[in-house]
Amino acid sequence: NDGYLSISTLTKEVFANDIKYTKRLDELEYAVYHTMARKPFEFSGKTSYWVGDSICYGVVHYEEPDVHGTGDFPTLFCGKTNMICNNIAVSSACFCSGYNQATTIPAQVQSIPTSAIDILFIEGGVNDWQVGATLSEFTTAISNLCDYINTNFDNDLPVVWITPIN
């Protein structure tokens, strides 16, 4: 089953929802698996690491050119959930290597101390398509990253993948 996080803006609680979206003909069918999980995630006091590209880093185009540490999504999310935030995302980072970027997202993950993390957030993918990475390169990079995480981090480490908006 797919799991989704939802944040209550009123209570600032984060819930796991056990839901699945499926496409049927021209309409989006919403099906609920079992019951909605109403047990909030325990983020308070946990140490999070955020890896990714400029979107995760905090570059926005509608305000200041760089708001890292003040208004970026990881800082806002961690502030709402009382989680320790380590945002090591780097603008222009890709999952794939060999495209003359400053760093890769897998290299960011490899820089994390494996014993000092409670939850990992991974964002990215936009730059891979912009630089012309092939689907094969992309899927290989993701597969290798998953292998690295499974080999080097605790098996119970929650990993949240944040996919591009478009």
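Caption draft 1: View of helix 5 (residues 135–152). Counted at 1.5 Å a residue, the expected span for helix 5 with its 18 residues is 26 Å, and the 26 Å between its end C-alpha atoms agrees. Buried residues in helix 5 make contact with helix 3 (105–110), strand 7 (119–123), helix 4 (126–130) and strand 8 (159–162).

Caption draft 2: Fine view of the environment of Val59. Examined against the element boundaries, Val59 turns out to sit in the loop between helix 1 (54–57) and helix 2 (73–81). For Val59 and Val90, which are 31 residues apart along the polypeptide, the C-alpha to C-alpha distance reads 9.8 Å.

Caption draft 3: How the structure looks around the sheet that holds strand 7. Ordered in space as 6-5-7-8, the four strands form an open sheet in which the pairing is parallel. Edge positions in the sheet fall to strand 6 (84–87) and strand 8, since each has one partner strand and no second. Averaged over all neighbouring strand pairs, the angle between strand axes comes to 20°, with direction disregarded. Looking at chain direction, strand 5 (residues 47–51) and strand 6 are connected through four bridges and run parallel. Residue pairing for strand 6: Thr47 is matched across the bridge by Ile84. On top of the sheet, helix 5 reaches strand 7 and strand 8; it is set at about 160° to strand 8, its chief contact.

Caption draft 4: Spatial organisation of the confidence of the model for the protein. Overall, the predicted model of the protein reaches an average pLDDT of 76, with 67% of residues at or above 70. Per-residue pLDDT stays below 50 along residues 18–39; that stretch engages in 34 contacts with residues further than four places along the chain or on separate chains.

Caption draft 5: Region of the structure containing the packing of aromatic side chains. Scanning all chains against the criterion turns up ten aromatic pairs. Considering the side-chain rings of Phe43 and Phe77, the 5.6 Å spacing of their centres and the 70° angle between planes classify their relative orientation as edge-to-face. One end of the pair, Phe43, is in the loop between strand 4 (27–32) and strand 5; the other, Phe77, is in helix 2, with 34 residues separating them in the sequence. Each member of the pair, Phe43 as well as Phe77, carries the same accessibility label: buried. When the centroid spacing of 5.6 Å and the interplanar angle of 85° are considered together, the rings of Phe95 and Phe138 count as edge-to-face. Of this pair, Phe95 sits in the loop between strand 6 and helix 3 while Phe138 sits in helix 5, and the two are 43 residues apart along the sequence. Of the two residues, Phe95 and Phe138, neither departs from the other in class, the shared state being buried. Put simply, the rings of Phe43, Trp50, Phe73, Phe77 and Phe121 pair up and form one aromatic cluster.

Caption draft 6: Up close: unusual backbone geometry. Not every positive phi belongs to a glycine, and Asn82 is a case in point at roughly 60°. Along the chain, Asn82 falls in the loop between helix 2 and strand 6. Non-glycine residue Ser92 carries a positive phi angle of around 75°. For Ser92, the position within the fold is in the loop between strand 6 and helix 3. With a relative accessible area of 35%, Ser92 lands in the partly exposed category.

Caption draft 7: Inspection of the nonpolar core at higher detail. The biggest cluster of nonpolar side chains holds 19 residues, and the ones touching the most others in it are Phe95, Leu120 and Ile122. Sorting elements by how many residues they give to this core places helix 5 first, with five residues. Listed in part, the nine residues of the second largest apolar core include Phe43, Cys56, Ile119 and Phe121.

Conventions adopted
Residues numbered from 1 in each chain as written. Predicted model: local features only at pLDDT ≥ 70, side-chain atom pairs only at ≥ 80, totals over all residues. Heavy atoms only, no water. Helix = DSSP H or I, 4+ residues; strand = E, 2+ residues; numbered from the N terminus. Expected span 1.5 Å × (residues − 1). Contact = heavy atoms within 4.5 Å. Pairing = 2+ DSSP bridges. Axes fitted to C-alpha atoms, helices over the stretch in contact; angles between N-to-C directions. pLDDT = per-residue confidence, 0-100. Phe/Tyr/Trp six-rings, centres within 6.5 Å; stacked < 30°, edge-to-face > 60°. Buried < 20%, exposed > 50% of the residue type's maximum accessible area, 1.4 Å probe, protein only. Core = buried A, V, L, I, M, F, W, Y, C linked by side-chain atoms within 4.5 Å.

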